[in-house]
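Results of the structural survey
Chain by chain, the residues run as shown.
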Number of protein chains: 2
Amino acid sequence: MFISDQELKDVVFFSMDQSMRRLRNYSNQAFHEAGFDLTVDQWLVLKRVYDAQEQVSQTEIAEMLSKDGASLTRILDILVKKELLFRKMNETDRRKFDLLMTPKGTEYIQRLIPLVISIREKALNNVSDAEIIVLRTILEKIKTNLR
Amino acid sequence: MFISDQELKDVVFFSMDQSMRRLRNYSNQAFHEAGFDLTVDQWLVLKRVYDAQEQVSQTEIAEMLSKDGASLTRILDILVKKELLFRKMNETDRRKFDLLMTPKGTEYIQRLIPLVISIREKALNNVSDAEIIVLRTILEKIKTNLR
DNA sequence: GTCATTTAATTGATATATCAATTTTTGATA
DNA sequence: TATCAAAAATTGATATATCAATTAAATGAC
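Before going into details, it helps to say that this report is about the structure given with it. The residue numbers shown here count from 1 along each chain, following its written sequence. Chains carry letters and ligands carry numbers; both start at the beginning, A for chains and 1 for ligands, and go up in the order they are written. Local features in this predicted model are restricted to residues whose pLDDT is 70 or higher, and side-chain atom pairs enter the listing and the counts only when it is 80 or higher, whereas totals over whole chains, interfaces and linings include all residues.

1. So, the protein's contact with DNA strand D
Near, for a residue, is defined by distance from a backbone-placed C-beta atom to a molecule or strand, with 6 Å as the limit that must not be exceeded. Neighbouring DNA strand D are 25 residues; A:Ala70, A:Ser71, B:Gln58, B:Thr59 and B:Ala70 lie closest to it. Elements supplying a minimum of two residues to the surface near DNA strand D: helix 2 (40-51) and helix 4 (69-81) of chain A together with helix 1 (5-33), helix 3 (58-64) and helix 4 (69-81) of chain B. Numbering of helices and strands runs from the N terminus, with a helix taken as a DSSP run of H or I at least four residues long and a strand as a DSSP run of E at least two residues long. Residue contributions to the surface near DNA strand D peak at 5 residues, all from helix 4 of chain A. Grouping the constituent residues of the surface near DNA strand D by class yields 6 nonpolar, 9 polar and 10 charged. Under this grouping Gly is polar, as are all residues other than the nonpolar Ala, Val, Leu, Ile, Met, Phe, Trp, Tyr, Cys and Pro and the charged Asp, Glu, Lys and Arg.

Structure (structure tokens):
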């Protein structure tokens, strides 16, 4: 059973794409089944706002998540509509909005954290800490190579 | 400098998502700069049709790529509009279309293959064969865990 | 202090993913 | 054979990513 060097490299990216999609779908479904009307990307944004102790702007959140400003605007629109956070005009720079959690948003976060952890645990079942470190090293190399 | 087990697991998925997005963006840009009006996903579909020696249906291509039938329909619409392939009604099952390359599509494939290989080589620069095998093993575990 | 440049956010257009609903055709069964 | 369920493809709706263009506000150069 042979697999060429090129095929191996091809397959590995395909496999990475599949893994990420599966994780996303699994998570979205788990959120839904747990009664949360939230996607993974919405979760990621909400969590960053929650974790930011100080006032955060949209640009700052976008940078943390490597997301485009346009994507962020739209995700925030949804989160605002769901009353999980809100925008408040920055006091000193009127181009900016400070992003702030609502009580409902905070409650969502706190109730979702255990679920998110359990999903990650499930995804990485049978993967050793050493393997995770190798994985992370490889991913950093790939990102550097494509910079 | 400590990083908890949970953070490590969190970061690794974030990093994987970033790596895949960077590869996609890098590839799309490289295609564009090489004068090809084609996205990576369009490339993937076109390449599978090219590689299929026999007649292939949309469902078969969708399965090969783990893509939704709806996504495939839309990508094919674009490829047909670009005259890189065409649909031909299946002789024995009128629900199906056989997907066939046009000369232009074949030429695109042949000219793009070296570029695609060079992108993969660049992405995996400094990543050893052993690491790639570990990576693949981990990804398979993740996919299995989330089935 | 005015004017040009930069920055923050938004909006529009296009590509893709996902799910649901629909249409057409096939195949199986009663 | 008439019917009914399954399969193939399409279409619509929504979420996200990316790029381009736009608006409003801040900053920097002179």
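This is not the end of the story, as more comes after the structure.
2. Some points on the protein's contact with DNA strand C
The full set close to DNA strand C counts 25 residues, and A:Gln58, A:Thr59, A:Ala70, B:Ala70 and B:Ser71 are the nearest of them. Of the residues forming the surface near DNA strand C, the biggest block, 5 residues, is contributed by helix 4 of chain B. Residues of the surface near DNA strand C, tallied by class, amount to 6 nonpolar, 9 polar and 10 charged.

3. So, the nonpolar core
Linking buried Ala, Val, Leu, Ile, Met, Phe, Trp, Tyr and Cys residues through C-beta atoms within 7 Å yields a set, and such a set is a nonpolar core. Three exposure classes are used, all based on how many other C-beta atoms lie within 10 Å of a residue's own C-beta (placed from the backbone): buried at 20 or more, exposed at 12 or fewer, and partly exposed between those limits. Counting residues in each nonpolar core, the largest one holds 20 residues, and the members touching the most others are A:Leu135 and B:Leu135. Going through the elements one at a time, helix 1 (5-33) and helix 6 (129-145) of chain A together with helix 1 and helix 6 (129-145) of chain B are the ones with two or more residues in this core. Any pair of residues counts as being in contact when their C-beta atoms, constructed from backbone geometry, are within 7 Å of one another. For B:Leu135, the residues in contact, after removing those within four places along its chain, are A:Val12, A:Leu135 and A:Ile138. Membership of the second largest hydrophobic core comes to 15 residues, among which are B:Phe31, B:Leu46, B:Leu76 and B:Leu79.

4. Some details on the relation of the copies chain A and chain B
Here the copies are matched by least squares. The fit uses the C-alpha atoms of residues with pLDDT of at least 70 in both. Expressed as a screw transformation, the operator carrying chain A onto chain B has a rotation angle of 180° and an axial translation of 0.0 Å, and the superposed copies differ by an RMSD of 0.0 Å. Look at the turn and shift together and you get a two-fold axis relating the two. In terms of C-alpha distance to the rotation axis, chain A has A:Leu135 as its closest residue, with the C-alpha 3.1 Å off the axis. Mapped onto chain B, 100% of the interface residues of chain A again fall at the interface, so both copies present the same surface.

5. Some thoughts on the interface of chain A and chain B
Taken residue by residue, the interface counts 38 residues in chain A and 38 residues in chain B. Mapped by element, the contributors of at least two residues to the side of chain A that touches chain B are helix 1, helix 5 (103-123) and helix 6 of chain A. Partitioned by chemical class, the residues of the side of chain A that touches chain B number 19 nonpolar, 8 polar and 11 charged.

6. Concerning the packing of helix 1 of chain A against helix 1 of chain B
Simply put, an axis is a line fit to the C-alpha atoms, just over the touching stretch for a helix, and the angle between two N-to-C directions goes from 0 to 180 degrees. The interhelical angle for the contact between helix 1 of chain A and helix 1 of chain B, taken along N-to-C directions, is 125°, at an axis separation of 10 Å. One finds that helix 1 of chain A runs oblique with respect to helix 1 of chain B. The hand of the helix 1 of chain A/helix 1 of chain B crossing is left-handed. When helix 1 of chain A is examined against helix 1 of chain B, the residues A:Phe13, A:Met16, A:Asp17, A:Met20 and A:Leu23 are found in contact with a partner set consisting of B:Phe13, B:Met16, B:Asp17, B:Met20 and B:Leu23. Grouping the constituent residues of the contact of helix 1 of chain A with helix 1 of chain B by class yields 8 nonpolar, no polar and 2 charged. Orientation categories follow fixed angle ranges, with anything under 35 degrees roughly parallel, anything over 145 roughly antiparallel, 65 to 115 roughly perpendicular, and all other angles oblique. For a crossing to be left-handed, the near helix must be turned anticlockwise from the far one by less than a right angle; the clockwise case is right-handed.

7. Concerning helix 5 (residues 103-123) of chain B
An α-helix turns once every 3.6 residues. As a result, residues three or four positions apart point the same way. For helix 5 of chain B, spanning 21 residues, the distance from its first C-alpha to its last is 30 Å, which sits close to the expected 30 Å at 1.5 Å a residue. In this scheme, the bend at a residue equals the angle between the axes fitted to the seven residues that finish there and the seven that begin there. If you look at helix 5 of chain B, its biggest bend is around 35°, right at B:Leu112, and the proline B:Pro114 turns up within four residues after that. Taken together, the buried positions of helix 5 of chain B are occupied by B:Gly105, B:Tyr108 and B:Ala123. In this structure, the buried residues of helix 5 of chain B make contact with helix 6 of chain A together with helix 1, helix 2 (40-51), strand 1 (85-89) and strand 2 (97-101) of chain B. Each residue after the first adds 1.5 Å to the expected span of a helix.

8. Quick word on helix 6 of chain B
Here helix 6 of chain B contains 17 residues, and its C-alpha end-to-end distance of 24 Å stays within 8% of the 24 Å for a straight helix at 1.5 Å per residue. Restricting attention to buried positions, one finds in helix 6 of chain B the residues B:Leu135, B:Ile138, B:Leu139 and B:Ile142. Burial along helix 6 of chain B is one-sided: seen end-on, the buried residues are contained in an arc of 100°. The exposed residues of helix 6 of chain B that point more than 90 degrees off its buried face are B:Asp129, B:Ala130, B:Ile133 and B:Thr144. In the core, the buried residues of helix 6 of chain B are packed alongside helix 1, helix 5 and helix 6 of chain A. Regarding the arc, it is the one traced by the directions from the helix axis to the C-beta atoms.

9. What to know about unusual backbone geometry
At A:Ser66, a residue that is not glycine, the phi angle is positive and equals roughly 55°. Position of A:Ser66 among the secondary structure elements: in the loop between helix 3 (58-65) and helix 4. Positive phi, normally seen in glycine, also occurs at B:Asn126, with a value near 75°.

10. As for the environment of B:Ile138
When you line up the elements, B:Ile138 lands in helix 6. A residue is classified by how many C-beta atoms lie within 10 Å of it, and B:Ile138, with 24 of them, is buried. Discounting residues that sit within four places of it in the chain, B:Ile138 has contacts with A:Val127, A:Glu131 and A:Leu135.

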